[in-house]
Amino acid sequence: MVAVAMNALGIAARALERPIDCADKPLADALLSGERTLAEPGLLARLRRNALDKLAGDMPKYPALAIARSEWGASE
Amino acid sequence: MLATAPHDARMGSEFATLLSRVMDRAIGTSALSALTRLSGGASMESWAFQWAGEGFVLRRAPSADYVADRPYDHAAEAALVSAAHHAGVRAPEVVAVLAAGDGLGSGYVMRRVAGDANPATILAAPPPTLLTEIAEALAQIHALPADKIPAAIPVMDVAAALADLKARFADYGGDRPVIALAIKWCEDHLPPPADPSVLVHGDYRMGNLLVDDGRLTAVLDWELAHRGDFHEDLAYGCMTVWRFGRPDLPAFGLGSLEAFFAAYRAAGGRAIDPARFRFWLVYRTLWWAMGCLGMGAAWRSGADRSLERVVVARRTAEQELDLLLLLGDEAPEAERLRPLPLPQPPALSIQGEPSAAELVTAVREWPVTSNPARRGATNSWSRSR
């Protein structure tokens, strides 16, 4: 349990230091209806950046994070 | 299976007495020993113990509430595990099903199978034939004759299940764009209904596969079993998250999809449709993203106030990353190759009084031994679920 508690505090500390907000209801609604798609210039890049930053705060040790960074040409 | 906590004193000797009565009936008179809590959350428990010189495992839900939101009860689950075992599938042998008069809640007792299900241990030095054995065992599950599957095991209606995920997404705020994208993709790629006579294990992945001395010894955790599209089982263990430390090896963190599919076919497995495989890879990744979000909701509602729930809820981002890795492939090339925007800089300066982040960091660095609340705590989180 200590490890889980420390993990929770780590997530909190990183989120306070660099808040990442993934929530975007209007965009989610537009993607759900098909009104907006990944063909829209810049949308995929923005979603990728958000996903990397959010995960770096929440679960920085997730093994696929490094793979996604390199596949998407992201710097740390 | 890992022992994670000693015999819980709260249970006292009454629990042992009641369990002994069940074992008297099932196996014959002996004495109970080495009763040890294995794992489980608030609603489900696993216990290991010795009886008549052999090891057994009890899976039980102390409260009747467990059955309320489940498609079938423990008797049906036990009947399925039994049917699979007797058909030659590497499922545990069920020796007793708890009855109402046993006073232990609902559940069943299995003969304990030797082995370790810990993905980290297995994937650190994977046995060379393990992927083949995993494919063979899966082909056997999918070959279980329809008349051997207990009637209570339901057929999965995929369109209805997807609609349910969509409704839950709305309940949780409906504001995560990547999850919305995945729901839309699944709606657009929903495969036609599959042969409803095929048994699907539903949780076939590293963590639920017991390995001993280089061999697959048992397939565990049958509680999500249903009838439906067998591609679901092929895809589930190939999800990025269930490859654990080996995301570079697409099949169970053990090898290539080609090798996995070839072994499945060689074992008499069914004909694989790549489009269905991809659908289930996306669907079950979406499903687990919703599962993670749901844990946050369960904690908030008070249904399960455990620390694990809150932390697992923050694993939603893992599934969003994996969904983007899957679905990004379908974007136009110009979008796939577009450089990413720069990351957000840290928000706070490092001057003046300590920030909230620094306070939290200070608590993290506080020595565990000087914190009475933490003393004596043990790690009980061995299997993600």
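The structure presented is a predicted model; accordingly, all values stated were derived computationally and were not measured. (Residues numbered from 1 in each chain as written. Chains lettered and ligands numbered in written order. Predicted model: local features only at pLDDT ≥ 70, side-chain atom pairs only at ≥ 80, totals over all residues. Heavy atoms only, no water.)

Undergrad: What exactly am I supposed to notice about the interface of chain A and chain B here?
TA: Often, the extent of an interface is quoted as the loss of accessible area on bringing the components together. With 58 residues of chain A in contact, the opposing surface of chain B contributes 62 residues. Between chain A and chain B, roughly 5000 Å² of surface is buried when both sides are summed, and carbon and sulfur atoms account for 72% of that area. The tally of links from chain A across to chain B stands at one salt bridge. Across the pair arginine 314 of chain B and aspartate 58 of chain A runs a salt bridge, and its minimum N-O distance is 3.0 Å. Seen at the junction of chain A and chain B, the total is eight residue pairs in polar contact (both at pLDDT 80 or more). For the side of chain A that touches chain B, the secondary structure elements donating two or more residues are α1 (2-17), α2 (25-33), α3 (43-58) and α4 (64-71) of chain A. Ranked by the residues each element gives to the side of chain A that touches chain B, the list is headed by α1 of chain A, at 15 residues. Tallied by class, the residues present in the side of chain A that touches chain B amount to 39 nonpolar, five polar and 14 charged. (Contact = heavy atoms within 4.5 Å. Buried area = accessible area lost by both parts, 1.4 Å probe. Salt bridge = Lys/Arg side-chain N within 4 Å of Asp/Glu carboxyl O. Polar contact = N/O pair within 3.5 Å; in protein donor to acceptor, adjacent residues only side chain to side chain. Helix = DSSP H or I, 4+ residues; strand = E, 2+ residues; numbered from the N terminus. Nonpolar A, V, L, I, M, F, W, Y, C, P; charged D, E, K, R; others polar.)

Undergrad: Can you help me understand the environment of arginine 70 of chain B in this one?
TA: All names here are of chain B. With respect to the helices, strands and loops of the structure, arginine 70 is situated in the loop between α2 (65-68) and α3 (74-86). Using a relative accessible area of 17% as the deciding quantity, one classes arginine 70 as buried. If near-sequence neighbours (up to four positions away) are discounted, arginine 70 is found in contact with Glu77, Glu223 and Leu224. (Buried < 20%, exposed > 50% of the residue type's maximum accessible area, 1.4 Å probe, protein only.)

Undergrad: Would you mind going over the sheet that holds strand β3 (residues 54-61) of chain B with me for this structure?
TA: Think of a sheet as strands paired side by side through backbone hydrogen bonds, with each pair either parallel or antiparallel. Residue and element names in this part refer to chain B. Here five strands make up an open sheet; going across it, the order is β1-β2-β3-β5-β4 and the pairing antiparallel. One side of each edge strand has no neighbouring strand; the edge strands of this open sheet are β1 (32-37) and β4 (94-97). Strand after strand, the sheet turns through a mean of 20° between neighbouring axes, direction not considered. Where β1 meets strand β2 (residues 45-51), four bridges bridge the pair, whose relative direction is antiparallel. Of the residues in β2, the one forming a bridge with leucine 32 is tryptophan 51. α3 rests against β3, β4 and β5 (106-111) of the sheet, and its axis sits at about 20° to β5. (Pairing = 2+ DSSP bridges. Axes fitted to C-alpha atoms, helices over the stretch in contact; angles between N-to-C directions.)

Undergrad: Which parts of the structure should I look at to understand the pattern of salt bridges?
TA: As a working rule, side chains carrying opposite charge can pair if their charged atoms are close by. Residues and elements named next belong to chain B. Here the structure, examined in full by the defined rule, presents 25 salt bridges over all chains. Between arginine 59 and glutamate 223 there is a salt bridge, with its nearest N and O atoms 2.2 Å apart. Here arginine 59 is found in strand β3, whereas its partner glutamate 223 is found in the loop between β8 (215-219) and β9 (226-227), with 164 residues between them in sequence. An identical accessibility class is assigned to arginine 59 and glutamate 223; each is buried. In this structure, the salt-bridge partner of glutamate 93 is arginine 111, at a minimum N-O distance of 3.0 Å. Of this pair, glutamate 93 sits in the loop between α3 and β4 while arginine 111 sits in strand β5, and the two are 18 residues apart along the sequence. Overall, glutamate 93 belongs to the partly exposed group, its relative accessible area being 27%. By relative accessible area, which is 25% here, arginine 111 ends up partly exposed.

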